Amino acid sequence: MTAFSAKNRVLITGAMSTTSFDVIVIGGGITGAGIALDATSRGLKVALIEMQDFAAGTSSRSTKLIHGGLRYLKQMEFKLVAEVGQERAIVHRNAPHLTKPEHLLLPIVKDGSLTTFTARLGMTIYEWLAGVKKEEKHKVLSKEQTITTEPLLRKDNLLGGILFYEYRTDDARLTMEIMKEAVASGTQALNYVKASGFVYTNGRISGVKAQDVNTGRSIEIKGRYVVNATGPWVDDIDDLDKPQLQHKLHITKGVHIVVDGNRLPLKQSSYFDTYDKRMIFVIPREGKTYIGTTDTFYKGDVANPLITEEDITYLLKCANDIFPSALLTRSDVESNWVGLRPLIQKPGKGPSEISRKDEIFESASGLITIAGGKLTGYRKMAQRIVDLIGKKMKAAEGKTLPACTTAQIALSGGKTGDVRFENFTKQQVTKGIALGLTSTETEMLVNRYGSNVDVLFNYVHDLKQEQSPLPLLLRAQLHYCINHEMCVTPADFFIRRTGALYFNISIVKEWNNELLIYMKNILNWDEASTTRFDSEMQKLYKQAAITEK
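Basis of the calculations
- Residues numbered from 1 in each chain as written.
- Predicted model: local features only at pLDDT ≥ 70, side-chain atom pairs only at ≥ 80, totals over all residues.
- Heavy atoms only, no water.
- Patch = residues over 30% accessible without salt bridge, like charges linked within 9 Å, V, L, I, M, F, W, Y side chains within 5 Å.
- Areas by Shrake-Rupley, 256 points an atom, 1.4 Å probe, with all protein chains shown as cover.
- Salt bridge = Lys/Arg side-chain N within 4 Å of Asp/Glu carboxyl O.
- Helix = DSSP H or I, 4+ residues; strand = E, 2+ residues; numbered from the N terminus.
- Phe/Tyr/Trp six-rings, centres within 6.5 Å; stacked < 30°, edge-to-face > 60°.
- Lys NZ or Arg CZ within 6 Å of the ring centre and 35° of its normal.
- Buried < 20%, exposed > 50% of the residue type's maximum accessible area, 1.4 Å probe, protein only.
- Arc of directions from axis to C-beta.
- Contact = heavy atoms within 4.5 Å.
- Core = buried A, V, L, I, M, F, W, Y, C linked by side-chain atoms within 4.5 Å.
- Axes fitted to C-alpha atoms, helices over the stretch in contact; angles between N-to-C directions.
- Parallel < 35°, antiparallel > 145°, perpendicular 65-115°, else oblique.
- Nonpolar A, V, L, I, M, F, W, Y, C, P; charged D, E, K, R; others polar.
- Disulfide = S-S within 2.5 Å.

J.: What is the right way to look at a nonpolar patch on the surface in this model?
T.: A cluster of nonpolar residues, Phe-78, Phe-117, Leu-121 and Ile-125, forms a patch on the protein surface that exposes about 380 Å² of accessible area. The element best represented in the nonpolar patch is helix H4 (residues 116-130), accounting for three residues. Position of Phe-117 relative to the elements: it lies in helix H4.

Shown next as C-alpha cells:
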C-alpha cells in the first residue's frame, strides 16, 4: 500500500487512473471519509477525491463538539437525537485522543426559553434517547451552585442551572483520522483533485472525470457506484450530472470568534439563551475561549465564507450579556472561523428551524447523493450509503456485502489497546520527557496524534541535529503531516492539521515564512507554486485575524 504522503501523489494518481473501483466518493469531509472507511472495511475498492484539502469545508468549521443536539428535541426530531446521542459514545471509544468528555453548563434565567422543569424534562428525554451513562447524567444546580460552577455568569436574572455532558473534539483531525484509517484499509484518496464531469456507459455513470488543481493534470477514474458527499457543493456536483431545476440545499452560515482565555477566563463551558432566543456555546480551549455560533441564510462564495462586522457584534453582545464583567470588545477578537451548513431545502422555515437530518437522493444515471446531517452522525450516514450500495450489488450481481463494522473499528490514533487513554498519556509523557520535550508539549502531541505519537517521537529524535530556525516541535509535526497525512500546503498544516490559525494564531504569524521555505525544500516546489501557497496562507491569515479597522 502506497504511503499516504504528499510525496506520493503521482503514484496515487496513477493507481486511481488505472484501477476499476467499486465506489468513487466525491468529497473529503467527514461524511466522505466515513463512507470510504465503511465501504473499504466491507471489502470494496474505493477511491476518494476532494477538490480542496480534506475537511477544508464544513468539517473543519463546526462548533467542535460531538454532541447529541439537545435543541433538536424542540423540533421533535426524536430519531435524530437518539441516533447522534448514541453515536457520541462510539466516537469517543474509537478516537479517545480527539473526543473528550466536557461538562456544559446551561444557565436557567428569568424569561428564558427554558425553565428548570422544561430543561430537566428535556435532559431526561435526551439522556433516555441517547443511552447516556449513569455517571454522565445531568445535575440540577441551585442559583448558588451555578455561580460557584461559573462565577462570571450574570447573576441578576439567574435562577439556577443544569450541568450535563457532551464531548469536545477537533473536527478536522477527526476527519483526518477517519481518512487515514480508510487509506490504511485500502482506500485510494487524494486532496486537491476536483471532479469536473462524469463518464457514462449506456446512460449510467461509470466513472468520474477529475483534475489535479495544483498540477492541472486530468484523469478519469472508473467505478461502478459514485457517491456525491460534497456538503455545500452537493448541488454543484449534481449539476455536472444533470442541471437541476430546483436545488436540494438551503445553506446557512455559522460563525465562531476566538478571544484570549485571560479576557474570558471561564471555569466551565456554557450553553445559553441569547437575547433573540437562540442558543450559543462559549467554550474554553487551549488557553483561548471561543464563542458561537450564528445561524443565518447564506448565498455567497461557498469555498470562502467570511465573517462580517454584524456577526462579530452579535456574538460579542451575546457573550457580554451572559458574562457582563468580561466587557469584551472588537479588539479582543483574535481569530475566527466561518462554516456553512448544507441543510435540506424546507421553504418557509428559518435557519435554526430547518432539520439537520441527512437525506439520500439518486439520479436517473445512478449518482448517489447524500446531503444534510451532523458531524456526530457521520458513521451512521456512511452506513446508510454503503448499505444502499450493498442492496444494489445484491440486485445486480447477487453479491452480499458484510454488515457494517465501523462501530468496532478504532480509528487511526485511537489504537491504545486495553490501556485507558489517561494511562496511555502518562506513559507517553515519560517517553517525551526522555526525548527532551516538556510534559505540556508531549500531552499536546498525544492529544493531537494519539497512538501515532511514537512516529512523532521518532521525528523529534531524528531532527534534533538538523540546523533550522523552525522550532523542533513544528518540524516534527510537519514531517509527520506531509508523510502520513497528505499535507500539501502551509494552510493544510496551520489550519486542518494543527488548528493553529484558530487557537494559536501568533505561531502562524511568527513562523509562516520559515515553514513555507521548509516545505518548499521538502516537496520541491517551483517558484510559482511557492508564491501561490504563500499568497493563500497570507490571505487566510488576514481573514482569520480580522484586525481592528
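J.: Which parts of the structure should I look at to understand the packing of aromatic side chains?
T.: The geometry of two aromatic rings is summed up by the distance between their centres and the angle between their planes. By the definition in use, this model includes 13 aromatic pairs. Counting every residue linked through ring pairs, the aromatic cluster contains Tyr-290, Trp-337, Tyr-502 and Phe-503. In this arrangement the basic side chain of Lys-64 is found over the ring face of Trp-337, its NZ or CZ atom lying 4.7 Å from the centre. A cation sits over an aromatic face here: Lys-248 above Phe-361, 5.2 Å from the ring centre.

J.: Looking at this structure, I do not really get helix H1 (residues 9-18). What am I missing?
T.: An α-helix turns once every 3.6 residues. As a result, residues three or four positions apart point the same way. Regarding H1, the residues found buried are Arg-9, Ile-12, Thr-13 and Met-16. For H1, the angular spread of buried residues about the axis comes to 100°, placing them on one side. Turned more than 90 degrees away from the buried face of H1, the exposed residues are Val-10, Leu-11 and Thr-18. Check the buried side of H1 and you find it contacts strand S1 (20-26), strand S2 (46-50), strand S7 (188-191), strand S8 (193-201), strand S9 (204-212) and strand S10 (218-228).

J.: Help me out: how do you make sense of the environment of Gly-197 in this one?
T.: Inspection of the secondary structure assignment puts Gly-197 in strand S8. For the pair Gly-197 and Lys-209, spaced 12 residues apart in sequence, the C-alpha separation works out to 4.9 Å. When sequence neighbours within four positions are dropped, the list of residues in contact with Gly-197 reads Val-208, Lys-209 and Leu-240.

J.: Help me understand the nonpolar core, please; the structure alone is not making it clear to me.
T.: Buried together is how nonpolar side chains tend to be arranged in soluble globular proteins. Membership of the largest hydrophobic core comes to 126 residues, with the highest contact counts inside it found for Ile-35, Leu-106, Leu-174, Ile-389 and Leu-501. Beyond its immediate stretch of four places on either side in the chain, Leu-106 contacts Leu-114, Ala-119, Met-123, Gly-160, Gly-161, Ile-162, Phe-164, Tyr-271 and Met-279. Membership of the second largest hydrophobic core comes to 27 residues, among which are Leu-163, Leu-316, Ala-326 and Val-338.

J.: Whenever I open this one, the packing of helix H11 (residues 439-449) against helix H12 (residues 453-463) confuses me. Can you help?
T.: Each pair of packed helices can be described by the angle between their axes along with the distance between the axes. Put simply, H11 and H12 touch, their axes get as near as 9 Å, and they point 135° apart. The angle between H11 and H12 falls in the class oblique. Across the interface between the two elements, Thr-442, Leu-445, Val-446 and Tyr-449 of H11 pack against Val-453, Leu-456 and Phe-457 of H12. For the contact of H11 with H12, the residue count by class is six nonpolar, one polar and no charged.

J.: It is not clear to me how the environment of Gly-203 should be interpreted in this structure. Could you clarify?
T.: Assignment of secondary structure puts Gly-203 in the loop between S8 and S9. Accessibility expressed as a relative area gives 49% for Gly-203, which makes it partly exposed. Along the primary structure Gly-203 and Leu-306 are separated by 103 residues, whereas in three dimensions their C-alpha atoms are 40 Å apart.

J.: Any chance you could explain the environment of Gln-383 here in plain terms?
T.: Here Gln-383 is to be found in helix H9 (residues 378-397). Take Gln-383: its relative accessible area is 19%, and that puts it in the buried class. The spacing of Gln-383 and Gly-34 is 349 residues in sequence and 8.3 Å in space, taken between C-alpha atoms. Beyond its immediate chain neighbours, meaning those up to four positions away, Gln-383 contacts Asp-38, Arg-42 and Cys-404.

J.: How should I be thinking about the state of the cysteines in this particular structure?
T.: The bond known as a disulfide is covalent and runs between the sulfur atoms of two cysteines. With the rule as written, the count across this model stands at zero disulfides. Cysteine Cys-481 remains unbridged, with the sulfur of Cys-487 as its closest cysteine sulfur at 5.5 Å. The exposure class assigned to Cys-481 is buried, which follows from its relative accessible area of 0%. By relative accessible area, which is 0% here, Cys-487 ends up buried.

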